[in-house]
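Okay, here's what each chain looks like letter by letter:
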Amino acid sequence: RQDKIGKNDLDTVDKKGTKIVALFINKAIKNPQGTLVTYYWYRPNTKIMEEKMSFIKLIKRWNWVVGTGVCLKDIQKKLDLFRISIEKEIDVFYRA
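The numbers attached to residues start from 1 for each chain and follow its sequence in the written order. Reporting of local features is limited, given that this is a predicted model, to residues whose pLDDT is at least 70; pairs of side-chain atoms are given and counted only at 80 or more, and all residues count toward the totals for whole chains, interfaces and linings. As a rule here, side-chain values come from all non-hydrogen atoms in the structure, and water together with hydrogens is ignored.

Side note on the side chain of S54
Right, so step 1: With respect to the helices, strands and loops of the structure, S54 is situated in strand β2 (residues 49–59).
Right, so step 2: Three labels apply to residues, based on accessible area from a 1.4 Å probe with only protein chains included: buried if under 20% of the type maximum, exposed if over 50%, partly exposed otherwise in between. Relative accessible area serves as the criterion here: at 3%, S54 is assigned to the buried category.
Right, so step 3: Among the polar contacts listed, one links the side chain of S54 to the side chain of Y39, at a separation of 2.7 Å.
Right, so step 4: With near-sequence residues (within four places) excluded, S54 lies in contact with T35, L36, V37, Y39, T68 and G69. Under the scheme used here, helices are H or I runs from DSSP no shorter than 4 residues and strands are E runs no shorter than 2 residues, and both carry numbers assigned from the N terminus. Any pair of nitrogen or oxygen atoms within 3.5 Å is treated as a polar contact; in protein, a donor-acceptor pairing is required on top of that, and neighbouring residues in sequence qualify only through side-chain atoms on both sides. Only heavy atoms enter the contact rule, under which two residues are in contact if any of them lie within 4.5 Å.

So, in structure tokens, the structure goes:
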């Protein structure tokens, strides 16, 4: 992200037209303990925008908003694998 240093990101929008940086700032100010935000952003190393959920928090003494997130598709894949695993265990239990 070296190319972003010193640049204003306030007008950055996701594929739905949401100004996500402004959203992060507003949500962080309104929720000083931190909050979850859902938006669309590029999947790492691709040009594909996917739904993402991030936890963001205002660090008041530095006047920074920081966050970390995950693509919701990745969570769904993990849940699907877990469901398959549970279904197999149930099947084994009932066949016994």
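The discussion continues.
What to know about the pattern of salt bridges
Oppositely charged side chains can form a pair if their charged atoms are brought close together.
Right, so step 1: Salt bridge criterion: a side-chain nitrogen from Lys or Arg within 4 Å of a carboxyl oxygen from Asp or Glu. Across all of its chains, the model carries five salt bridges by this definition.
Right, so step 2: Among the ionic pairs, E50 bridges to R43, the shortest N-O distance being 2.9 Å.
Right, so step 3: Salt bridges here are not isolated pairs; linked through shared partners, they connect R43, E50, K73 and D74.

Quick look at the nonpolar core
Right, so step 1: By convention a nonpolar core is built from buried Ala, Val, Leu, Ile, Met, Phe, Trp, Tyr and Cys residues, the set being connected through side-chain atoms within 4.5 Å. One finds I20, F24, A28, V37, Y39, I56 and L58 forming the largest nonpolar core, which totals seven residues.
Right, so step 2: Looking at this core, the elements with two or more residues in it are α1 (20–30), β1 (35–42) and β2.
Right, so step 3: When residues of this core are assigned to their parent elements, the largest contribution, three residues, is made by α1.
Right, so step 4: Not counting chain neighbours up to four residues away, the residues in contact with L58 comprise A28, I29, W64 and V65.

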